[in-house]
Amino acid sequence: MDEGEKRERYAVLVKSLGYTIDNNEKKRKDAVLPPLPLKNKDQPVVMRIAPNPNGPATIGHARGIITNGEYARMYKGKFILRFDDTDPKTKRPLIDAYKWYAEDCRWLGYNPDEIVIASDRIPIYYEYAKKLIEMGKSYVCLCEKEDFKRFKDNSKPCPHRDQSVEENLEYWRGMLSGEYKEGEVVLRLKTDINNKNPALRDFAIFRIIYEDHPRISNRYCVWPMLDFESGIEDHLLRVTHIIRGKDLIDSERKQRFFYDYFGWEYPVTIYWGRIKIHEFGKISTSSIKKGIENGEYTGWDDPRLPTIRALKKRGIDPIAIKNFVISLRVNISDITISMENLYAENRKIIDDKAKRYFFVDDPIKLKVKGIDNSVEKHVKIPIHPNFPERGYRELNFKDVVFITSKDYNKYMNSIVRLKGLFNVRIDKNEVYYAGDEIKDLPIIHWLPSGLKMRVISPEGTYNGLGEEGLENSIDEVVQLERFGYARIDFVDKDGEIIAYFTHK
RNA sequence: GCUCCGGUAGUGUAGCUCGGCCAAUCAUGUAGGGCUCUCAAUCCUACGACACGGGUUCAAAUCCCGUCCGGAGCACCA
């Protein structure tokens, strides 16, 4: 019985006896991943993530980072970040993305133990290619793409399949020294031309690309295909477990051919399905990139985006992301999940910490009638209602209040309580004092005056007045009462507070 | 078309390997209520699922077959 199971049983037992469980325990319970199948108990667990560096990490990537990183941690193993940047043309790497991605890992709490960049290791892949040619397991194919497809689809060997090792080595040298044009020639792995799965028949492992690589320029013109590079690396890095998208399921079948040729043991593989978020739809880094280029988004951390940087900017705690991701587990079926689940996790973490303040969105200035306005009233409201020992904030009222136009319209002609102050009846452009006693009235927030403030949310921007004190909460997540949580980003040169909406 | 996967409440999950303890777990959500000078937090209650049809068996969410629905791959992309 593992820890989680024990806890469950205990909880059931306790409940059956009529006791209640300490709530804090429930709240602080850290999400735990199910155990990993271990082939060899003595072998250290090595996990990896292998992104294409074309942008910073998104929530989808966070799933990979956290799950793999967490497993490495659970088994006191190693966590590797490897950039599979072997196509400078159609999957052109973004030079900043290498750095961004590593930063995102670190921020999520999973600093990679090792970072490997495939484009640094091309000669290694060449060595293994040469070995395969020498073993008679690989050949240079000069077929037109369409011709090869025809052969392949009919389980017919292409004319180059039976070339001698010497011929292949000669062609291979030619490839490396730039004697061929793009698309003219390719190195194939000799698999099984009769395999019932056409995807596995003599697939390409190297091709010619003359495009400059953003990191290493034009140093190479022969580039390995992902299936090859990734398979070689997983072996060289002694990766024990691979967790990857189910779209790569044929990749394993392909790689097993050369693992067999080399006599290597294939890592344990676990597949997961695609993750789709209600609020964002399917996440694709390339579409985000396009949106940034055409000005639709302000950048990779635009709060409307599902990137880790955007979530950070909005005040989502990395632990909340962890708990959220782990709750998804590792499942092969595609899932559609709502951000609400992430927000719920985040609320559990930030609510105890978040200072309370008022933010009056779309404010309306109202004169207060029916009371002696010559005296100033000092109102004290706790910074956090559940922790009065943290102190109070003070609002100094004198004859006018600002309330949101939403409340103004909603409570027109009715009596409401201005939190901490007194009751008023709302009328056109003014409010009338309606007593001090605390009755069963709607409670609304207000401000006697305030600082210009803007809250940027995925749905739009809210302009209004922020309570004094907010300007001292830079980089903190606060709760704007009756509005929602927000992270205070900065105060601009005009004194306006700029905040990002976290969630309700 | 060919290969290969998957289908538990609105959503995400546990259980499926080794059938019984499952009239099915937990979370989120929604609704109602308690507490509270926030529509937050917190507490209580309620709602809600084994895709369908057959079979095996004393017993099926769990094993087998079929149907339906969904997904992935079939690139000189990752």
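(A) Highlighting the protein's contact with RNA strand B. Around RNA strand B, the structure places 56 residues, and the nearest of them are Asp-84, Lys-91, Arg-207, Arg-482 and Tyr-485. Taken together, the sugar and phosphate atoms account for 74% of what RNA strand B places within 4 Å of the protein. One of the side-chain nitrogen or oxygen atoms of Lys-91 is found 3.0 Å away from a base oxygen of RNA strand B. Measuring from a sugar or linking oxygen of RNA strand B, one finds a side-chain N or O atom of Arg-253 at 3.1 Å. Broken down by secondary-structure element, the contributors of at least two residues to the surface near RNA strand B are helix H2 (23-28), helix H6 (145-153), strand E5 (186-189), strand E6 (204-208), helix H9 (249-262), helix H12 (318-328), strand E12 (335-337) and helix H13 (339-350). With four residues, H13 is the single largest residue contributor to the surface near RNA strand B. Here the surface near RNA strand B is built from residues that sort into 17 nonpolar, 14 polar and 25 charged.

(B) Representation of the sheet that holds strand E22 (residues 443-444) in the model. On the basis of which strands lie adjacent, the open sheet formed by six strands has the order E18-E15-E21-E20-E19-E22 and mixed pairing. Since the sheet does not close on itself, it has two edges, and those belong to strand E18 (400-404) and E22, each with one partner.

(C) Expanded view of the packing of helix H5 (residues 122-134) against helix H7 (residues 165-176). It is the contact of H5 with H7, at a shortest axis distance of 9 Å, that shows an interaxial angle of 160°. The angle between the axes of H5 and H7 places the two elements in the roughly antiparallel class. Here H5 runs over H7; the crossing is right-handed. Between H5 and H7, the contacting residues are Tyr-126, Ala-129, Lys-130, Ile-133 and Glu-134 on the first element and Val-165, Asn-168, Leu-169, Trp-172 and Leu-176 on the second.

(D) A look at the packing of helix H8 (residues 226-236) against H9. Orientation of H8 relative to H9, taken along the N-to-C sense of each, is 55°, at an axis distance of 10 Å. The orientation of H8 with respect to H9, classified from their angle, is oblique. Like other packed secondary-structure pairs, H8 and H9 cross with a definite hand, here right-handed. Of the residues in H9, those touching H8 at Leu-226, Asp-227, Phe-228, Ser-230, Gly-231, Ile-232, Asp-234 and His-235 are Ser-251, Lys-254, Gln-255, Phe-258, Tyr-259 and Phe-262. Each residue belonging to the contact of H8 with H9 can be placed in one class, and the counts come to six nonpolar, five polar and three charged.

(E) Region of interest: the packing of aromatic side chains. A full pass over the atoms with the stated rule returns 22 aromatic pairs. Linked through ring pairs, Tyr-126, Tyr-128, Trp-172, Phe-206, Tyr-220, Trp-223, Phe-228, Phe-258, Tyr-259, Phe-262, Trp-264 and Tyr-266 together constitute an aromatic cluster. It is Arg-188 that lies over the ring of Phe-148; its NZ or CZ is 3.3 Å from the centre. Between Arg-390 and the ring centre of Phe-387, over which it is positioned, the NZ or CZ distance is 3.9 Å.

(F) Spotlight on the domain arrangement of chain A. According to the domain assignment, chain A contains domain 1 (1-28), domain 2 (31-120 + 225-350), domain 3 (124-214) and domain 4 (354-504). Centre-to-centre separation of domain 2 and domain 3, based on C-alpha positions: 30 Å. Summed over both sides, the interface of domain 2 with domain 3 buries roughly 2,400 Å², with 71% coming from carbon and sulfur. Sorting the residues of domain 2 by area buried against domain 3 places Met-225, Phe-228 and Tyr-261 first, and these three jointly supply 28% of that buried surface. Across the domain 2-domain 3 interface, the total number found is two salt bridges. A salt bridge links Lys-89 to Glu-182, with the shortest nitrogen-to-oxygen separation between them at 2.5 Å. Here domain 2 and domain 3 share eight residue pairs in polar contact (both at pLDDT 80 or more) between them. Going through the elements one at a time, helix H4 (95-108), H8 and H9 are the ones with two or more residues in the side of domain 2 that touches domain 3. Top contributing element to the side of domain 2 that touches domain 3 by residue count: H9, with seven residues. In terms of residue class, the side of domain 2 that touches domain 3 is built from 14 nonpolar, two polar and nine charged.

(G) Quick peek at the state of the cysteines. Scanning the entire structure with this criterion turns up zero disulfides. With no disulfide partner, Cys-141 has as its closest neighbouring cysteine sulfur the one in Cys-143, 3.7 Å distant. For the unlinked cysteine Cys-221, the closest cysteine sulfur is that of Cys-141, found at 17 Å.

(H) Region of interest: the environment of Tyr-392. In this structure, Tyr-392 sits in strand E17 (residues 392-397). Taking the C-alpha atoms as reference points, Tyr-392 and Ile-59, 333 residues apart in sequence, are found 37 Å from one another. Apart from residues lying up to four places away in sequence, Tyr-392 is in contact with Lys-380, Ile-381, Pro-382 and Ile-383.

(I) Layout of the nonpolar core. Counting 49 residues, the largest nonpolar core has Ile-65, Ile-66, Tyr-101, Leu-108, Leu-311, Ile-321 and Leu-342 as its most contacted members. Element by element, the count of residues in this core is highest for H4, at seven residues. In terms of nonpolar packing, the next biggest core, distinct from the first, is built from 42 residues, Val-46, Ile-122, Leu-187 and Ile-208 among them.

Definitions and cut-offs
Residues numbered from 1 in each chain as written. Chains lettered and ligands numbered in written order. Predicted model: local features only at pLDDT ≥ 70, side-chain atom pairs only at ≥ 80, totals over all residues. Heavy atoms only, no water. Near = heavy atom within 4 Å. Polar contact = N/O pair within 3.5 Å; in protein donor to acceptor, adjacent residues only side chain to side chain. Helix = DSSP H or I, 4+ residues; strand = E, 2+ residues; numbered from the N terminus. Nonpolar A, V, L, I, M, F, W, Y, C, P; charged D, E, K, R; others polar. Pairing = 2+ DSSP bridges. Axes fitted to C-alpha atoms, helices over the stretch in contact; angles between N-to-C directions. Parallel < 35°, antiparallel > 145°, perpendicular 65-115°, else oblique. Left-handed = near helix turned anticlockwise from the far one by under 90°. Contact = heavy atoms within 4.5 Å. Phe/Tyr/Trp six-rings, centres within 6.5 Å; stacked < 30°, edge-to-face > 60°. Lys NZ or Arg CZ within 6 Å of the ring centre and 35° of its normal. Domains from an automatic or database assignment. Buried area = accessible area lost by both parts, 1.4 Å probe. Salt bridge = Lys/Arg side-chain N within 4 Å of Asp/Glu carboxyl O. Disulfide = S-S within 2.5 Å. Core = buried A, V, L, I, M, F, W, Y, C linked by side-chain atoms within 4.5 Å. Buried < 20%, exposed > 50% of the residue type's maximum accessible area, 1.4 Å probe, protein only.

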